[in-house]
Amino acid sequence: MKKYNEKHFAAKKPLKHLAVASVVLASLLLASCGDDKGADKEGSARHITSATTYQSQGQFHAAMLEARNAVEKDPENPVGYLVLAKIYNQVGSFDASQKLLESVSKKMPSVNLELAESYINNNKFRSAINALNDYVVDETADPASAMRKQAILAQSYIRLGDKAGYEKASAALSKMPNTENELIIIEADYLVSQGNKEATAAKLELLAKSENLN
């Protein structure tokens, strides 16, 4: 019996050491993954900075490459998707923007304003409205995005012939500061849809005067 016990414990020792080694290795791997994630986020941020710089310089191909790298490095960060989609929209690649943002819009509703922009430029006005139903913006913290949301809604409703929807969005826009010129453009757009050429010309003349004053 004694010999059996000695053999038994002798067999258990390497297994115990192996188990300890496995735990240590797992801990190191987890720590490494954490470091990798941190490095990925930093790398993504650098790519985003490069992408926006290239975009401002009109180097759109380089900007796209950098933005794609940002998304690849940190796929859980909506900023990379937004930067890439903005570049797509700027160069008129609205289908590419839609495909990119539709894949993440449910889990990242903050991308829906840019998605709505791509929809309206592709004449998908109902889709633009639906996208903005899931987009919440703080008018105080981000007035530019709040204004853009209502402008896209107003333009979409105009194209759909929904006067009530247009008037609601236009009214919301009128309550925001510094939206006078945007309102003139939207009102002119509505007048065009109604075939009122004279009133449209008057609105555009008013817009020209306002821009000259600014």
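Now for a description of the structure that goes with this document. Computed from a predicted model, the values in this text were never measured in an experiment. (Residues numbered from 1 in each chain as written. Predicted model: local features only at pLDDT ≥ 70, side-chain atom pairs only at ≥ 80, totals over all residues. Heavy atoms only, no water.)

## Structural notes on the environment of Asn89
- Take Asn89: it is sitting in helix H3 (residues 78-90).
- Put simply, Asn89 and Leu115 are 26 residues apart on the chain and 9.3 Å apart in space, counted from C-alpha to C-alpha.
- At 3.2 Å, the side chain of Asn89 forms a polar contact with the side chain of Ser97. (Helix = DSSP H or I, 4+ residues; strand = E, 2+ residues; numbered from the N terminus. Polar contact = N/O pair within 3.5 Å; in protein donor to acceptor, adjacent residues only side chain to side chain.)

## Quick notes on helix H7 (residues 143-160)
- Across its 18 residues, H7 extends 26 Å between first and last C-alpha, which sits within 8% of the 26 Å expected from 1.5 Å per residue.
- Residues of H7 that are buried: Ser145, Ala146, Lys149, Gln150, Ala151, Ile152, Leu153, Ala154, Ser156, Tyr157 and Ile158.
- Gly161 sits one or two residues past H7 and shows a positive phi near 75°. (Expected span 1.5 Å × (residues − 1). Buried < 20%, exposed > 50% of the residue type's maximum accessible area, 1.4 Å probe, protein only.)

## Focus on the packing of helix H4 (residues 94-102) against helix H5 (residues 112-121)
- Interhelical geometry of H4 versus H5 gives an angle of 145° and a closest axis separation of 9 Å. Considering the relative orientation of H4 and H5, their crossing is left-handed. When H4 is examined against H5, the residues Phe94, Ser97, Gln98, Leu101 and Glu102 are found in contact with a partner set consisting of Glu114, Leu115, Ser118, Tyr119 and Asn121.
- Across the contact of H4 with H5, the residue classes break down as four nonpolar, four polar and two charged. (Axes fitted to C-alpha atoms, helices over the stretch in contact; angles between N-to-C directions. Left-handed = near helix turned anticlockwise from the far one by under 90°. Contact = heavy atoms within 4.5 Å. Nonpolar A, V, L, I, M, F, W, Y, C, P; charged D, E, K, R; others polar.)

## Some details on the packing of aromatic side chains
- Under the defined criterion, the tally for this structure stands at one aromatic pair.
- Measuring from ring centre to ring centre gives 4.4 Å for Tyr166 and Tyr190, while their planes differ by 10°; the resulting arrangement is stacked. In this pair, Tyr166 sits in helix H8 (residues 163-174) while Tyr190 sits in helix H9 (residues 180-193), placing the two residues 24 residues apart along the sequence.
- Judged by relative accessible area, Tyr166 falls into the buried class, the value being 8%. (Phe/Tyr/Trp six-rings, centres within 6.5 Å; stacked < 30°, edge-to-face > 60°.)

## Structural notes on H3
- Taking 1.5 Å per residue as the helical rise, H3 with its 13 residues ought to reach 18 Å, and the 18 Å between its terminal C-alpha atoms agrees with that figure.
- Its side-chain oxygen at 3.1 Å from the backbone nitrogen of Val79, Asn77 defines the N-terminal cap of H3.
- Directly beyond the C-terminal end of H3, a positive phi value near 85° is found at Gly92.

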